[in-house]
Protein chains: 2
Amino acid sequence: MRLPAVAVVADIGGTKVLAAVVAADGTVLGRTTLPTHAEGGPQAVIDHTVQALRQALEQAGRGSGEMAAIGIACAGLVDIERGVVVASPNLPGWARVPLRERIEAALRVRTFLANDANAAALGEHRFGAGRGANHLIFVTVSTGIGGGLVLGGKLYTGAWGTAGEVGHMVLEPGGPRCACGQQGCLEALASGTAMAREASQRLKAGEPSQLLALAGGRPEGVTAELIGQAANAGDKLAGEVVERAATYLGIGLGNLVNLLNPEVIVVGGGVSRLGELLLAPARKAMQAHAFPHAVSGMKLVQASLGDMAGVMGMASYVMEAVQASR
Amino acid sequence: MRLPAVAVVADIGGTKVLAAVVAADGTVLGRTTLPTHAEGGPQAVIDHTVQALRQALEQAGRGSGEMAAIGIACAGLVDIERGVVVASPNLPGWARVPLRERIEAALRVRTFLANDANAAALGEHRFGAGRGANHLIFVTVSTGIGGGLVLGGKLYTGAWGTAGEVGHMVLEPGGPRCACGQQGCLEALASGTAMAREASQRLKAGEPSQLLALAGGRPEGVTAELIGQAANAGDKLAGEVVERAATYLGIGLGNLVNLLNPEVIVVGGGVSRLGELLLAPARKAMQAHAFPHAVSGMKLVQASLGDMAGVMGMASYVMEAVQASR
């Protein structure tokens, strides 16, 4: 008996490549994680990705003939039409890399490419915290801030596939410098990096906080995770840092509500593990800044798929693309 | 011979009601304008609207039996599902007015409702400066700032029909007070009202400018139109006021480009008559603030339908809705 075709997918991040084999109903048949070794440059990362895809397939007990298609979610600016990674801040040396072509050359299976946060948006919509919503916004808060839009039940990628960059909404012209080169982007105000920077500056200025001990006495050793830990333990400075970032996040989300009138906003990424410590003040600022009629009926919730959102979304993406092209 | 059915449409603004009869190909068969007399409250405005619709129909030489449907574009927050104007800053006393029901009761023809800027977005997309684009953003800059989104060739209205409020994107938390109650909205930084307020403040502070004479010696008499006139004549203060507003506009547009990756942004509304005086610095700021890959292939252009954008868009809207429901 021939088994039904599966999607073989990978999510390439700055530190790890997560690959999985997913059935049409969302069942994960196999998965594996390899380090990205981004410092090796594009070809090395592509080699690890191909290896991860093969391992996942093996783990699922499937042969390469059973792949319906391959889907690759990648961090950075992705041109989905051309299958090219235009640039990727966390993948050194990636400039106009024809990733789709390289994967197809290695595995000889039709391949689709998407931005990782876009894929995660689709994953949370199809299988996670945003199931059933017609219009959903996904925001991922970690080192940076990314996002994805599911509008009318479909992933919206814009004219050239770069839509959903919620992290680079300028909220404070002339504000803190962002990794993208601009100033005052949401990412520069509300990401884990922004939180760590602010806490470290305040520690260096001599403000008291248990954070200093948690960071081994080194202000520059502070991370968003330690800030969350200290804030949960009642530390004043840490609590203020989280609240300030969450308030900026909420203002940004309020802008998105006024612009797109979604039914649900799903917040994922490492910093979202702070849960209501982050979401409660963000919700308050969002409600204060958006039109009551647009904001009153909507929900702001934590993502539910964790690291799996990108591969799950990518699996939906390729299954639906294959279906549509039949 | 029975004539083909036509759309009978009206655009209710704060000062005038524009009604038109439009054929499926966009030919305007009749049009009329009446003052809104908004101070009379909702029922009086609705009566004027019904009167304007009847006059336009008469002018087109059509009977009421030839109406395919009626379309009403209205300033304010419009719940298109329920056919209700939730609130409208420029229409005093309008709170949860069941406009669709009232028009249907008066004229006994199926009626559709939309926000005026949303309708104008569709008009510019179907018949104006944005023809042929798959993804378009329309921004109207006048007393306030509104907008509309045409995504994938269709008007995007969001979960409850309130999408497209680009004017109430907060760009400067704690910035100047906006008519909506928030601070630092794009509207409070870049609308005609914001320009007039800034110019008037600078005149009161004693800065020299020909604007004072143009405004009859009264700083509070300055309007966006006079500012444009003075700026075109080389007046330094007026030029700076336009450039400052245009720069904020461009930052806001850059945010929209990063978020939605459109092919074209169309700028309409009274202030857009400044043309490149407004658009050139806005384009510069937009290009400086958006991702190069997203912004390089897109266009920022002036609207081409003027006051007719709303009724033209509404005509498309009802024709397409009637078509879809057949």
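Cut-offs applied
- Residues numbered from 1 in each chain as written.
- Chains lettered and ligands numbered in written order.
- Predicted model: local features only at pLDDT ≥ 70, side-chain atom pairs only at ≥ 80, totals over all residues.
- Heavy atoms only, no water.
- Helix = DSSP H or I, 4+ residues; strand = E, 2+ residues; numbered from the N terminus.
- Rg over C-alpha atoms; globule rule 2.2 N^0.38 Å.
- Buried < 20%, exposed > 50% of the residue type's maximum accessible area, 1.4 Å probe, protein only.
- Areas by Shrake-Rupley, 256 points an atom, 1.4 Å probe, with all protein chains shown as cover.
- Lys, Arg positive; Asp, Glu negative; His and termini not counted.
- Charge placed at Lys NZ, Arg CZ, Asp CG, Glu CD.
- Pairing = 2+ DSSP bridges.
- Axes fitted to C-alpha atoms, helices over the stretch in contact; angles between N-to-C directions.
- Salt bridge = Lys/Arg side-chain N within 4 Å of Asp/Glu carboxyl O.
- Contact = heavy atoms within 4.5 Å.
- Buried area = accessible area lost by both parts, 1.4 Å probe.
- Least-squares fit on C-alpha atoms with pLDDT ≥ 70 in both.
- pLDDT = per-residue confidence, 0-100.
- Phe/Tyr/Trp six-rings, centres within 6.5 Å; stacked < 30°, edge-to-face > 60°.
- Expected span 1.5 Å × (residues − 1).

So, the overall build of chain A
Helix and strand counts for chain A stand at 11 helices and 13 strands. Computed over C-alpha atoms, the radius of gyration of chain A comes to 20 Å, within 12% of the 20 Å expected from 2.2 N^0.38 for 326 residues, which places it in the range of a compact globule. Principal-axis analysis of the C-alpha atoms gives chain A an extent of 65 × 45 × 35 Å. For chain A, with 326 residues in total, the buried portion stands at 61%. For chain A, the accessible surface area stands at approximately 12,500 Å², while carbon and sulfur atoms represent 50% of it. Counting 26 positive and 26 negative side-chain charges, chain A places the centres of these two groups 3 Å from one another.

A closer look at the sheet that holds strand β5 (residues 77-79) of chain B
Residues and elements named next belong to chain B. Overall, antiparallel pairing links the three strands, which are arranged β5-β6-β7 in an open sheet. With one partner strand each, in any of the chains shown, β5 and β7 (95-97) form the two edges of the open sheet. The average angle at which neighbouring strand axes cross in this sheet is 20°, direction not considered.

Considering the pattern of salt bridges
A full pass over the atoms with the stated rule returns 22 salt bridges over all chains. Of the charged contacts in the structure, one is a salt bridge between E66(A) and R62(A), with a shortest N-O distance of 3.4 Å. Here E66(A) and R62(A) have matching classes, each one buried. In this structure, the salt-bridge partner of E320(B) is R126(B), at a minimum N-O distance of 2.8 Å.

Concerning the interface of chain A and chain B
Counting residues at the interface gives 43 residues for chain A and 43 residues for chain B. A buried area of about 3,600 Å², summed over both sides, lies between chain A and chain B, and 63% of it is on carbon and sulfur atoms. Among the residues of chain A in contact with chain B, W160(A), L259(A) and H293(A) are the three that bury the most area, contributing 21% of the side total. Put simply, chain A and chain B have zero salt bridges between them.

What to know about the relation of the copies chain A and chain B
Here chain A sits on chain B after a turn of 180° about the axis and a move of 0.0 Å along it, with an RMSD of 0.0 Å. The superposition of one copy onto the other is thereby described by a two-fold rotation axis. An overlap of 100% is found between the interface residues of chain A and their copies at the interface of chain B, pointing to a shared contact surface.

So, the side chain of S191(B)
Residues and elements named next belong to chain B. Examined against the element boundaries, S191 turns out to sit in the loop between α4 (186-190) and α5 (192-204). Since its relative accessible area comes to 2%, S191 is described here as buried. What S191 contacts, discounting residues up to four positions off in sequence, is V141, S142, T143, G144, I145 and L186.

Some points on the pairing of strand β8 (residues 111-115) of chain B
Residues and elements named next belong to chain B. When you tally the buried positions in β8, you get five out of five residues, the bulk of the element. Residue alternation in β8 divides its side chains into two sets, T111, L113 and N115 and F112 and A114, and both sets are buried. Taken together, the five bridges between strand β4 (residues 67-74) and β8 define a ladder with parallel strand orientation. If you follow I72 over to β8, its bridge partner there is L113.

A few points about the confidence of the model for chain A
Summing up the model confidence of chain A, the mean pLDDT is 94 and the portion of residues at 70 or higher is 99%. Across the assembled chains, the prediction reports ipTM 0.93 with pTM 0.94.

Re the packing of aromatic side chains
Residue and element names in this part refer to chain A. Following the criterion strictly, the structure yields two aromatic pairs over all chains and no others. Taking 6.3 Å as the distance between ring centres and 75° as the angle between the ring planes, the aromatic pair formed by F112 and Y317 counts as edge-to-face. You can see F112 sitting in strand β8 (residues 111-115) and its partner Y317 sitting in helix α11 (residues 309-324), a full 205 residues away along the chain. Taken as a pair, F112 and Y317 share a single burial class, namely buried.

Some words on α5(B)
Residue and element names in this part refer to chain B. End to end, α5 covers 18 Å across 13 residues, agreeing with the expected 18 Å (1.5 Å per residue, within 8%). Listing the buried residues of α5 in full gives G192, A194, M195, A196, E198, A199, S200, R202 and L203. On the buried face of α5, the contacting elements are β9 (136-141), α4, α6 (211-214), α7 (224-232) and α8 (236-260). Following α5 by one or two positions, G206 adopts a phi angle in the positive range, close to 95°.

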